[in-house]
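Geometric and topological summary
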Amino acid sequence: MSEQETNLSLETVPRVISFLSCLLQRVAESNDHCRLFQSQKVSVFHGLTRPTISIKSYLERIFKYANCSPSCFVVAYVYLDRFVQMQPSLPINSYNVHRMLITSVLVSAKFMDDMYYNNAYYAKVGGISTAEMNLLELDFLFGLGFQLNVTPTTFHTYYSFLQRETWMQVQPPLQHLPQSSLAIGRSVKIHCCLNEDESSHHQQLAV
């Protein structure tokens, strides 16, 4: 199914999805370029090829089927930033961003929401096997050092940063704006793979 067909309407997609997909796309592309000049560690999150589905469509797919609260995506962003700070040899790129996204949303939903789907369901949404979903979750948690708590101040800081980063994409850069202290924005280390086929939730990531 085409990307246009899988996209949700603008009225039903929270702005945070657009904010996050815009940032992750920029970070992944930047780190893809860095791969040409410096080696990057390969992890369980890496696929052998890039997925054909865009980051934006993948996030919209997760939002559509996971039924988690929009705030989970902000918390997932916090987790991604913590992960790359604690695992600097694993920058986010086009080969691992999708797997890291589905895993971060799964972990944030379990931590934030009273009701959430199990790993088998998230695996279907993400286009991977349940066994791989379990492995990714475990690796992600250890990579975070099980630091899952997010304070209200931290939440609003990251959400505001997403808004600013998106705004800066359509505005000329302002020299007086300070550099972000967030690892994702600062070092462009924020590090997924899936064929965009809505007809089958079992579509496997390229590995």
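To keep things clear, this report deals only with the structure shown in the data block.

About the criteria used
- Residues numbered from 1 in each chain as written.
- Predicted model: local features only at pLDDT ≥ 70, side-chain atom pairs only at ≥ 80, totals over all residues.
- Heavy atoms only, no water.
- Phe/Tyr/Trp six-rings, centres within 6.5 Å; stacked < 30°, edge-to-face > 60°.
- Helix = DSSP H or I, 4+ residues; strand = E, 2+ residues; numbered from the N terminus.
- Buried < 20%, exposed > 50% of the residue type's maximum accessible area, 1.4 Å probe, protein only.
- Core = buried A, V, L, I, M, F, W, Y, C linked by side-chain atoms within 4.5 Å.
- Contact = heavy atoms within 4.5 Å.
- Salt bridge = Lys/Arg side-chain N within 4 Å of Asp/Glu carboxyl O.
- Expected span 1.5 Å × (residues − 1).
- Arc of directions from axis to C-beta.
- Polar contact = N/O pair within 3.5 Å; in protein donor to acceptor, adjacent residues only side chain to side chain.

Let us look at the packing of aromatic side chains. Given two aromatic rings, their pairing is described by the distance between the two centres and the angle made by the two planes. Summed over the entire model, instances satisfying the criterion amount to nine aromatic pairs. Considering the side-chain rings of Phe45 and Phe83, the 5.7 Å spacing of their centres and the 80° angle between planes classify their relative orientation as edge-to-face. Within this pair, whereas Phe45 is found in the loop between helix H2 (15-34) and helix H3 (55-66), its partner Phe83 is found in helix H4 (residues 71-86), the two being separated by 38 residues in sequence. Grouping residues by exposure puts Phe45 and Phe83 together as buried. Members of the aromatic cluster, connected to one another through ring pairs, are Phe45, Phe83 and Phe140.

By size, the foremost hydrophobic cluster in this structure holds 54 residues, and its most contacted members are Phe73, Leu101 and Tyr122. At the level of elements, H2, H3, H4, helix H5 (97-112), helix H6 (119-126), helix H7 (130-144) and helix H8 (152-169) are the ones that each hand at least two residues to this core. For this core, the leading source of residues is H4, giving 11 residues. Dropping the residues within four chain positions of it, Tyr122 is found in contact with Ala66, Cys68, Ile102, Val105, Leu106, Ala109, Tyr117 and Met133.

In this section: unusual backbone geometry. Residues apart from glycine generally show negative phi values, whereas peptide bonds are mostly found in trans. Backbone geometry places Asn67, a non-glycine residue, at a positive phi of 55°. Tracing the backbone through its elements, the reader meets Asn67 in the loop between H3 and H4. The phi angle at Phe146 is positive, at roughly 60°, despite the residue not being glycine. Counting through the fold element by element, Phe146 comes out in the loop between H7 and H8. On the basis of relative accessibility, which here comes to 48%, the residue Phe146 falls in the partly exposed class.

Mapped onto the elements of the fold, Tyr121 is located in helix H6. Sequence separation of Tyr121 and Ala66 is 55 residues, and the distance between their C-alpha atoms is 8.2 Å. For Tyr121, the contacting residues outside a window of four places in its chain are Tyr65 and Ala66.

Our focus in this paragraph is the pattern of salt bridges. Within this structure, the stated rule accounts for three salt bridges. A salt bridge links Lys56 to Glu60; the nearest nitrogen and oxygen atoms lie 2.6 Å apart. Placement of both Lys56 and Glu60 in helix H3 is noted, with a separation of four residues, approximately one turn of the helix. Owing to a relative accessible area of 2%, Glu60 belongs among the buried residues under this scheme.

This next bit is on H4. Counted at 1.5 Å a residue, the expected span for H4 with its 16 residues is 22 Å, and the 23 Å between its end C-alpha atoms agrees. For H4, the tally of buried residues reaches 13 of 16 residues, placing the bulk of the element in the interior.

Further remarks concern H6. For H6, the set of buried residues is Asn119, Tyr122, Ala123, Val125 and Gly126. Along the axis of H6, the buried positions cluster into a sector of 160°, meaning they face one direction only. As for H6, its buried residues are in contact with H3, H5 and H7. A side-chain oxygen of the first residue of H6 lies 3.3 Å from the backbone nitrogen of Ala120; this N-cap is Asn118. Two residues or fewer after H6 comes Gly127, characterised by a positive phi angle close to 80°.

Within the secondary structure layout, Val78 lies in helix H4. Looking at Val78, the relative accessible area reads 0%, which means it is buried. Dropping the residues within four chain positions of it, Val78 is found in contact with Val150, Thr154 and Tyr158.

What follows concerns the side chain of Arg99. Relative to the helices and strands, Arg99 is located in helix H5. At a separation of 2.7 Å, a polar atom in the side chain of Arg99 contacts the side chain of Glu132.

Purely geometric numbers; function is a separate question.
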